[in-house]
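Observations on the three-dimensional arrangement
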Amino acid sequence: MECAVRGWRERLDPSAQAGVPAHVTVLFPFLEESRIDALVYSAIADTLNSHRAFDLRFERCGHLPEVLYLVPEPDTQLRQLTQAIADRWPENPPYGGQFAEVIPHLTIAQGKGPAVLEEVEADVLGNLPITAHVSSVELIVHDGTKWQERASFALRK
């Protein structure tokens, strides 16, 4: 998956430039790094324990205002993961509660005009479909400079 979008993300997605790999977000924002301790790790593991690993397919692109993304299908299990983590930490609703519906997506490019996004989409479509097996959820935190993976939580087999 990363190889199909890496070049575009490195150029056109600020999160990639800050160290975030290609991903579908489960919950953002989460807790401040200083609040993440052994109890939080344990709570994340407990929350995710009932969720099974699953497969995703990326066959098409989607659009949000000034954003081009890959559409993960089916997205039901991604939505369930988001809901489970958001329910456990209700003080951190997805995207700060900005959106009535959270749309699972893998951002490719953002903040560029329609012509640029059309060029990127045409190129990315040539690399699709892509399949991915989701067997874990990674905790990525911002250390003040970059985003870094802090832990990985396996989903049930």
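A quick note: this is a predicted structure, and the numbers were derived from the prediction, not measured.

A word on the overall build of the protein chain
For the protein chain, the count of helices and strands is five helices and six strands. Listed N to C, the secondary structure of the protein chain is α-α-α-β-β-α-β-α-β-β-β in terms of helices and strands. Taken against the 2.2 N^0.38 rule, which gives 15 Å for 157 residues, the C-alpha radius of gyration of the protein chain at 16 Å falls within 12% of a compact globule. In terms of overall dimensions, the protein chain has a C-alpha envelope of 45 × 35 × 30 Å along the principal axes. Taking all 157 residues of the protein chain together, the buried fraction comes to 39%. For the protein chain, restricting intrachain contacts to residue pairs at least 6 apart in sequence, the fraction spanning at least 24 positions comes to 69%. Surface accessibility of the protein chain: about 8800 Å² in total, with carbon and sulfur atoms responsible for 50%. The distance from the centre of the 14 positive side-chain charges to the centre of the 22 negative ones in the protein chain is 4 Å.

Some thoughts on the environment of Q17
Counting through the fold element by element, Q17 comes out in helix 2 (residues 14-17). Expressed as a C-alpha distance, the spacing of Q17 and P94, which sit 77 residues apart in the sequence, is 22 Å. Every residue in contact with Q17, bar those within four places of it in the chain, is listed here: E10, R11, L12 and K146.

A word on the packing of aromatic side chains
The final tally for this structure, using the stated rule, is four aromatic pairs. On the numbers, 5.0 Å between centres and 80° between planes, the contact of F30 with W89 is edge-to-face. Of this pair, F30 sits in the loop between helix 2 and helix 3 (38-48) while W89 sits in the loop between helix 4 (76-88) and strand 3 (106-110), and the two are 59 residues apart along the sequence. Using a relative accessible area of 17% as the deciding quantity, one classes F30 as buried. Between the NZ or CZ atom of R88 and the centre of the ring of W89, over which it lies, the distance is 4.6 Å.

Some points on the pairing of strand 5 (residues 136-142)
Residues V137, L139 and V141 of strand 5 are buried on one face, while the alternating residues S136, E138, I140 and H142, pointing to the opposite face, are not. As judged from the seven bridges shared by strand 5 and strand 6 (residues 147-154), these two strands associate in the antiparallel manner. Looking at the pairing, H142 lines up with W147 of strand 6. Once strand 5 ends, the chain turns through four residues before running back antiparallel as strand 6, passing G144 with a positive phi of about 105°.

Quick look at the pairing of strand 1 (residues 54-64)
The sheet contact formed by strand 1 and strand 4 (residues 130-134) spans five bridges and is antiparallel. Pairing of D55 across the sheet is with H133, part of strand 4. Taken together, the six bridges between strand 1 and strand 2 (residues 67-73) define a ladder with antiparallel strand orientation. Looking at the pairing, G62 lines up with Y69 of strand 2. Between the end of strand 1 and the start of strand 2, which pair antiparallel, lie two residues, with E66 showing a positive phi angle near 60°.

The rules behind the values
- Residues numbered from 1 in each chain as written.
- Predicted model: local features only at pLDDT ≥ 70, side-chain atom pairs only at ≥ 80, totals over all residues.
- Heavy atoms only, no water.
- Helix = DSSP H or I, 4+ residues; strand = E, 2+ residues; numbered from the N terminus.
- Rg over C-alpha atoms; globule rule 2.2 N^0.38 Å.
- Buried < 20%, exposed > 50% of the residue type's maximum accessible area, 1.4 Å probe, protein only.
- Contact = heavy atoms within 4.5 Å.
- Areas by Shrake-Rupley, 256 points an atom, 1.4 Å probe, with all protein chains shown as cover.
- Lys, Arg positive; Asp, Glu negative; His and termini not counted.
- Charge placed at Lys NZ, Arg CZ, Asp CG, Glu CD.
- Phe/Tyr/Trp six-rings, centres within 6.5 Å; stacked < 30°, edge-to-face > 60°.
- Lys NZ or Arg CZ within 6 Å of the ring centre and 35° of its normal.
- Pairing = 2+ DSSP bridges.

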